[in-house]
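Per-entry structural report
Letter by letter, the chains look like this.
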Amino acid sequence: MKKRIIIAAIALAAGASALSAQSRKAVRLNEVMVENSSSIVDDYGEHHGWIELFNSNFAPIQISSMYLSNDSTNPKKYPVPLGDVNTRIEKRQHVVFFADGEPNKGTFHTNFTLIPGQDNWIGLYDADGSLIDEIIVPAELSIDQTYARKSDGDGEWAIRTGADDDYITPSSANVIKDTNSRVEMFAEIDENGFGMTIMAMCVVFSALLLLCLCFYAIGAIGKSVSRSNKIKSSGDDHTDREVRAATAHDSGEEIAAIVMALHEHFNAHDAENTILTINKVKRAYSPWSSKIYNLREIPQHRINRR
């Protein structure tokens, strides 16, 4: 028994590890700034180049024990430390690492820097050393410009200058949406809100209908289970068809007819229940009333005289 428990625990741990590894494959390099003079500052108030990661999963992911590197020959150059709650990235969210070469400042400070004016290769590796994502940041990237994906975790890379239509977005979505096109389209089609009202009513009535069907199904199942339990407890060998035939005639009219018949039966001796009828019954011969068993002689008292 203990061996089975140990094997099951090992299998469960292996499955969880495989699932975690598979989900980590969805972490992506998302945006990079090589030279920073006016962008975000670190927790010490200093400007440094930075690397943004994006969790493209629809579930949180823990990136501790993953690796960042700017050297393809040394994939495990900077290990993301264990034990930091901030290394847990929520679904479809971002995290920024500062490439300042000062890892003693905290978890999000790498042990390497990015060099302006030349191509910078950056790689993201899993705990087992397998490559998850990589990018070459072009040398023509100017100060305070970034090299970013057109959309989070996907799409082509492009240089962003920070202009009005070319946002630089550390720790936020690469595409900033100020409106929802679907909402605007629905508002144009249904200006007065009648469609929304009808849809809401349909949803409510559909939910009520589904609830009624569920209650009906639960009642039918309960009735069937009760019938089967009754058959098992009585030990009867009748088939279910015979049981249904025996219990099918239980209408109110038939029950009333049976009750009336029993009433007539128990009250049939008199027209009125306060009158008693006593009939004389001719009894058979009994030896107790026979005269032959009477005394033959009359008893006499005798007096003895001496």
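Now for a quick tour of the structure. Source: prediction; values computed, not measured.

Rules used throughout
Residues numbered from 1 in each chain as written. Predicted model: local features only at pLDDT ≥ 70, side-chain atom pairs only at ≥ 80, totals over all residues. Heavy atoms only, no water. Phe/Tyr/Trp six-rings, centres within 6.5 Å; stacked < 30°, edge-to-face > 60°. Helix = DSSP H or I, 4+ residues; strand = E, 2+ residues; numbered from the N terminus. Buried < 20%, exposed > 50% of the residue type's maximum accessible area, 1.4 Å probe, protein only. Polar contact = N/O pair within 3.5 Å; in protein donor to acceptor, adjacent residues only side chain to side chain. Contact = heavy atoms within 4.5 Å.

Scanning the model with the defined rule gives four aromatic pairs in all. Ring geometry for Phe 97 versus Phe 108: centroids 5.1 Å apart, planes at 50 degrees, classification tilted. With Phe 97 in strand 7 (residues 94–98) and Phe 108 in the loop between strand 7 and strand 8 (120–125), this pair connects stretches of sequence that are 11 residues apart. Residue Phe 97 shares its accessibility class with Phe 108, and that shared class is buried. For the pair Trp 121 and Tyr 125, a centre-to-centre distance of 6.5 Å together with 55 degrees between the ring planes defines the contact as tilted. Across the pair, exposure class does not vary: Trp 121 and Tyr 125 are buried alike.

Let us now look at the side chain of Asn 120. Here Asn 120 shows up in strand 8. Polar contacts involving the side chain of Asn 120 include one to the main-chain carbonyl oxygen of Gln 118, which spans 2.8 Å. Excluding residues within four positions of it along the chain, Asn 120 makes contact with Val 34, Leu 114, Ile 115, Ile 135, Ile 136 and Val 137.

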